[in-house]
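Topology and contacts: notes
The lines below spell out each chain.
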Amino acid sequence: MKATGIVRRIDDLGRVVIPKEIRRTLRIKEGDPLEIFTDREGEIILKKYSPIGELTEFADSYVESLYETTRFTAIITDRDTVIAVAGPNKKDYFEQKVSPDLEKVVETRELFVFEGGSNASRIGAAEYAPNDYTAQVISPIIVQGDAIGAVVLVSKDKNAKMGEAEQKLLKNASLFLSRQMEG
């Protein structure tokens, strides 16, 4: 654990303010849910809660099925991190922070389709060549009105086309995952 040198007092209602610098670094916004853990040494650990993180094993199976069906790299993200990947270049995406490009697409709550040109969305924050994509479909996952992540299909194959079938498949995938989290 890394010390920050910041000390805060608990107020009369038992609240502690998380410093702005830490909230910005960890991308914690007002209203974001946090999990609270304790350890044997009496430390309190706050962790940003990811409802999709609860479905990690399920998400792994789901992206494998998407990949087997489409032969495109399949990805599931929460708001911050890529949580499941299947297909080529899996190591390039897995557990990477999502890019600001992908955050914007998720915020629109609309299906994003890219086929050639120069407006591909970077998936991972560390991704350096989004123009290598030849086709991309991104479908935000919406739970109780909140955009909490995305289901993504990407390809770098020059002959790849993301048609109506792939678009409907991803819409259904994101809808299915949102229902799993609501249920």
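Please refer to the structure higher up on the page.
No experiment lies behind these values; they were computed from the predicted model shown. (Residues numbered from 1 in each chain as written. Predicted model: local features only at pLDDT ≥ 70, side-chain atom pairs only at ≥ 80, totals over all residues. Heavy atoms only, no water.)

1. Examining helix α2 (residues 56–70)
Convention followed: Under the DSSP-based scheme used, a helix requires at least four consecutive residues in state H or I and a strand at least two consecutive residues in state E, with every element numbered from the N terminus. Expected helix span is taken as 1.5 Å per residue step, with the number of steps being one fewer than the number of residues. Buried means the residue's accessible area, taken with a 1.4 Å probe over protein chains only, is under 20% of the maximum for its type, while exposed means over 50%, and partly exposed covers the values in between. The arc in question is formed by the directions pointing from the helix axis toward the C-beta atoms. We call two residues contacting when some pair of their heavy atoms lies within 4.5 Å.
Here α2 is 15 residues long and its end C-alpha atoms lie 21 Å apart, about the 21 Å a rise of 1.5 Å per residue gives. What α2 keeps buried is the set A59, Y62, V63, L66, Y67 and T70. Each buried residue of α2 sits inside an arc of 135° when the element is viewed along its axis, so together they form one side. Residues E57, E68 and T69 are exposed on α2 and point more than 90 degrees away from its buried face. Where α2 is buried, its residues contact β3 (73–78), β4 (82–86), β7 (146–155) and α5 (164–182).

2. Re the nonpolar core
Worth spelling out the cut-off: Within this scheme, the nonpolar core is defined by two criteria: the residues are buried Ala, Val, Leu, Ile, Met, Phe, Trp, Tyr or Cys, and they are joined through side-chain atoms within 4.5 Å.
Counting 25 residues, the largest nonpolar core has I76, I141, V151 and M181 as its most contacted members. Residue assignment for this core shows that the elements contributing at least two residues are α2, β3, β4, β6 (135–143), β7 and α5. The element contributing the most residues to this core is α2, with five residues. Core analysis: the second largest hydrophobic core is formed by 18 residues, V82, Y93, V98 and F112 among them.

3. Brief notes about the pairing of β3
Rule in force here: In this description, strands pair whenever DSSP reports at least two bridges between them.
Burial analysis of β3 places six of its six residues in the buried class, which makes it a mostly covered element. Residues of β3 alternate between two faces, with T73, I75 and T77 on one and A74, I76 and D78 on the opposite face, all of them buried. Two elements, β3 and β7, share six bridges in a ladder whose sense is antiparallel. Directly across from I75, in β7, lies its bridge partner V152. Pairing of β3 with β4 involves four bridges; the strand directions are antiparallel. The residue of β4 that forms the bridge with T77 is V82. Connecting the antiparallel pair β3 and β4 is a turn made up of three residues.

4. A closer look at the sheet that holds β4
Test applied: Axis lines are fitted through C-alpha atoms, for helices just across the contact stretch, and the angle between N-to-C directions can take any value from 0 to 180 degrees.
Strand order across the open sheet formed by five strands is β4-β3-β7-β6-β5, with antiparallel pairing between neighbours. The open sheet terminates on both sides in strands that have one partner only, identified here as β4 and β5 (112–115). Strand-to-strand twist of the sheet, defined as the mean angle between neighbouring strand axes without regard to direction, takes the value 15°. Strands β3, β5, β6 and β7 of the sheet are contacted by α5, whose axis makes an angle of about 25° with β6.

5. Details of the packing of aromatic side chains
For clarity, the threshold we go by: Under the pairing criterion, centres of Phe, Tyr and Trp rings, with the six-membered ring standing for Trp, must be within 6.5 Å; the plane angle then separates stacked pairs below 30 degrees from edge-to-face pairs above 60, leaving the rest tilted. Working rule: Lys NZ or Arg CZ, within 6 Å of ring centre, within 35 degrees of ring normal, means a charge sits over the ring.
Enumeration over the complete set of coordinates arrives at three aromatic pairs. Relative to Y62, the ring of F58 lies with its centre 5.9 Å away and its plane at 40°, an arrangement referred to as tilted. Taken as a pair, F58 and Y62 lie in helix α2 at a separation of four residues, close to a single helical turn. Residue F58 is classed as partly exposed on the basis of its relative accessible area of 31%. We classify Y62 as buried; its relative accessible area is 18%. Here the aromatic residues F58, Y62 and F176 are joined through ring pairs into a cluster of three or more. Between K156 and the ring centre of Y133, over which it is positioned, the NZ or CZ distance is 5.4 Å.

6. As for empty space enclosed by the protein
One simple way to see leftover space: roll a probe sized like a water molecule over the atoms. Going by this rule: Only protein atoms enter the calculation, which uses a 1 Å grid: trapped sets of points that fit a 1.4 Å probe without letting it out are cavities, open sets showing protein on both sides within 12 Å along at least five of seven lines are pockets, and any residue with an atom within 4 Å of a point is a lining residue. Grid points are joined across faces, edges and corners, and a volume is the space filled by probe spheres set on the points. The residue classification treats Ala, Val, Leu, Ile, Met, Phe, Trp, Tyr, Cys and Pro as nonpolar and Asp, Glu, Lys and Arg as charged. All others, Gly included, are polar.
One pass over the structure, following the stated rule, counts one cavity of 30 Å³ or more. There is about 30 Å³ of room inside the largest cavity. Along its surface, the largest cavity is lined by T77, D78, R79, V98, L102, E103 and V106. At the level of elements, β3 and α4 (100–108) are the ones that each hand at least two residues to the lining of the largest cavity. For the lining of the largest cavity, the class distribution of residues is three nonpolar, one polar and three charged.

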